[in-house]
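Structural features, examined
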Amino acid sequence: MRETIVTPHGLVDVDPDTVELGELVVTDEGSELEIVGLDPLRFELAPEEEEDWGE
Amino acid sequence: MNSLDDEGAIALLVGALERPSPSGEEAVVAAYLRDALAPFAADATLDEVGNVIASVGRGARRVVLLGHLDTVPGWPSVRRTDGVVLGRGAVDAKGPLCAMASALTRLSARARERLTVVLVGAVEEEAPTSRGARHAVATLAPPDLVVIGEPSGWDGVTLGYKGRVVVRLAASKGVAHSARAEATALEAVVDGWSAVRAWARSRSTAAAGAFDSVQATLLDVDAHDDALLAFASARIGLRLPTTCTPAEAELELRHAIADVASSTGVGIEVHVAAGEAAYRGPRDTPLTRAFRSAIRATGGTPRLTLKTGTSDMNVVAPAWPVPIVAYGPGDAALDHTPAEHVQEWEYLRGIDVLTLALERLAT
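Residues numbered from 1 in each chain as written. Chains lettered and ligands numbered in written order. Predicted model: local features only at pLDDT ≥ 70, side-chain atom pairs only at ≥ 80, totals over all residues. Heavy atoms only, no water.

1. Concerning the overall build of chain A
For clarity, the threshold we go by: Only DSSP runs of H or I covering at least 4 residues are called helices, and only runs of E covering at least 2 are called strands; the numbering of each starts at the N terminus. Values of the radius of gyration come from C-alpha atoms, whereas the globule rule sets the reference at 2.2 Å times the count of residues to the power 0.38. Exposed residues in this analysis have more than 50% of their type's maximum accessible area, buried residues have under 20%, and partly exposed residues fall in between, with area computed by a 1.4 Å probe over protein chains only. Contacts: residue pairs with any heavy atoms within 4.5 Å of one another. For every accessible area listed, the method is Shrake-Rupley and the probe measures 1.4 Å; residues are considered covered only by the protein chains on display.
Counting its regular elements, chain A contains zero helices and six strands. Counting from the amino terminus, chain A carries its helices and strands in the arrangement β-β-β-β-β-β. Here the C-alpha atoms of chain A give a radius of gyration of 13 Å, more than 25% beyond the 10 Å that 2.2 N^0.38 yields for 55 residues. Taken along its principal axes, the extent of the C-alpha atoms in chain A is 45 × 20 × 15 Å. Relative to its full complement of 55 residues, chain A shows a buried share of 42%. Excluding contacts between residues fewer than 6 apart, the proportion of contacts in chain A whose partners are at least 24 apart in sequence is 11%. Per element, the accessible surface of chain A, about 3,400 Å² overall, is 48% carbon and sulfur.

2. What about the packing of aromatic side chains?
Residue and element names in this part refer to chain B. For clarity, the threshold we go by: Two rings belonging to Phe, Tyr or Trp (six-membered ring only in the last case) form a pair when the distance between their centres is within 6.5 Å. Interplanar angles under 30 degrees mark stacking, angles over 60 mark edge-to-face geometry, and anything in between is tilted. Charges are assigned to positions over rings by a cutoff of 6 Å between ring centre and Lys NZ or Arg CZ, combined with an angular limit of 35 degrees from the ring normal.
For the structure on display, the rule yields one aromatic pair over all chains. Where Phe 291 meets Tyr 327, the ring centres are 5.0 Å apart and the plane angle is 35°; that geometry is what we call tilted. Of the two residues, Phe 291 sits in helix α8 (residues 286-297) while Tyr 327 sits in strand β15 (residues 324-327), which places them 36 residues apart along the sequence. Stacked on the ring of Trp 154, the Lys or Arg Arg 349 has its end atom at 4.8 Å from the ring centre.

3. Re the confidence of the model for chain B
Applied cut-off: How sure the predictor is of each residue is captured by pLDDT, a score from 0 to 100.
The predicted model of chain B averages 95 in pLDDT, with 99% of residues at 70 or higher. Taken over the whole predicted complex, pTM reads 0.93, whereas the ipTM for its chain interfaces reads 0.94.

4. Details of the pairing of strand β6 (residues 115-122) of chain B
Residues and elements named next belong to chain B. To keep things clear, this is the line we draw: Here the rule is simple: two strands pair whenever DSSP picks up at least two bridges between them.
Counting buried positions over the eight residues of β6 gives eight, a clear majority of the element. Along β6, one buried face is formed by Leu 115, Val 117, Leu 119 and Gly 121 and the opposite face, lined by Thr 116, Val 118, Val 120 and Ala 122, is buried too. Bridging between strand β2 (residues 52-56) and β6 involves five bridges; their strand directions are antiparallel. Following the sheet pairing, Ser 55 is matched in β6 by Val 118. With eight bridges joining them, strand β3 (residues 61-68) and β6 adopt parallel strand pairing. Residue Val 64 lies in a different strand from β6, and its bridge partner there is Val 118.

5. Let's talk about the interface of chain B and chain A
Where interface size is given, it is often the accessible area lost as the parts come together that is meant. Rules: Buried area: the sum, over both parts, of the accessible surface (1.4 Å probe) that disappears when the two are put together. Criterion for a salt bridge: a side-chain nitrogen of Lys or Arg within 4 Å of a carboxyl oxygen of Asp or Glu.
Counting residues at the interface gives 32 residues for chain B, matched by 20 residues for chain A. Area buried by chain B at its contact with chain A is led by Arg 283, Arg 289 and Arg 296 of chain B, which between them contribute 30% of it. Scanning the region where chain B abuts chain A turns up 10 salt bridges. Here Glu 49 of chain A makes a salt bridge to Arg 280 of chain B, at a shortest N to O gap of 2.5 Å.

6. Side note on unusual backbone geometry
The omega torsion of the bond from Asp 39 of chain A to Pro 40 of chain A falls at 5°, within 30 degrees of zero and hence cis. Tracing the chain through its elements places Pro 40 of chain A in the loop between β4 (32-38) and β5 (41-45). Backbone torsion omega between Asp 92 of chain B and Ala 93 of chain B reads -5°, so that peptide bond is classified as cis. For Ala 227 of chain B, which is not glycine, the phi dihedral falls at a positive 80°. Among the secondary structure elements, Ala 227 of chain B is positioned in the loop between β10 (215-225) and β11 (229-240).

This is the structure:
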């Protein structure tokens, strides 16, 4: 069942039974969060993409 | 169940570095890796082009780990000292390849039940042919997930690489006294280079980063004459974003160079070598989730990177439209340098991340 969870970066709507570690979700404020813990659910800001030289 | 421990994993890398393998000369290191993997993967073999192929597991989810055996030329002495392994290929990319091979040996019984993990040690990644990767995509069963073995740093995951194409401009004209006002062959080629650079800038916005811009690099210039004709040529490397395919680049450059030829009165030939299109994968796939969570579980904060270089991902991604990332321990800034080395702790951490990511894909 989906739940709305309050985070420091806004509200996020997820189903705690189906989310995966590492999954990205977007809050109602437009922040992209990564799920870093499942029990209890924990979120951190998702990493931005960086440019890097080479292979 | 047999597996390579940390010391065995480092010995595997040192042994690979001790067998030099510039592109086209990978046979010795290929045989070494095949033999080293034989106790862990009964089917370890070499394919028709010299790729090492070895698989573990019999599960429904098929994962290809594709690294490369070859290196650029050069021969920094192989040394293991003070927790550092130094040698050509330590970063690009025997380090990542041996990390993948080591992880393969460490898979749990559960992962072996749920995954089939196929390791490919490909030939000729550093050559324009990408022969090993092309053969792999033509001959292996399509996978569900692909990991390319290239240095991202142990806590980094690479999502994409720029495309590339090499262009050669060539002009010739009857030798004339330099006091004449007409453009020379060399001047026409120089004007052609200026037109290519202007085109590259027109294809990039001020806000675009390096990954989203066209980068033009003048690789070499030649000018000579045989007393009757003067010849000039320039070789130009183009790094392309996802918004510009090699075919589009060629078409637009031919128009730009035709304008130069018209204004200088000197015909300029445009030769374009076959190139690779850029690739940028999505941020959120089963594969990126597995790597992000594995990096966090190993004590890191994951980084997502986009590379301005090119790799076998550019060859593999169009053929296998499945989740794909590049991963491997090592600092890509050391690619192709005489100081190429990897810290042992980072190499081992990379093996841990690879192993854990594969385990998570088996859940």
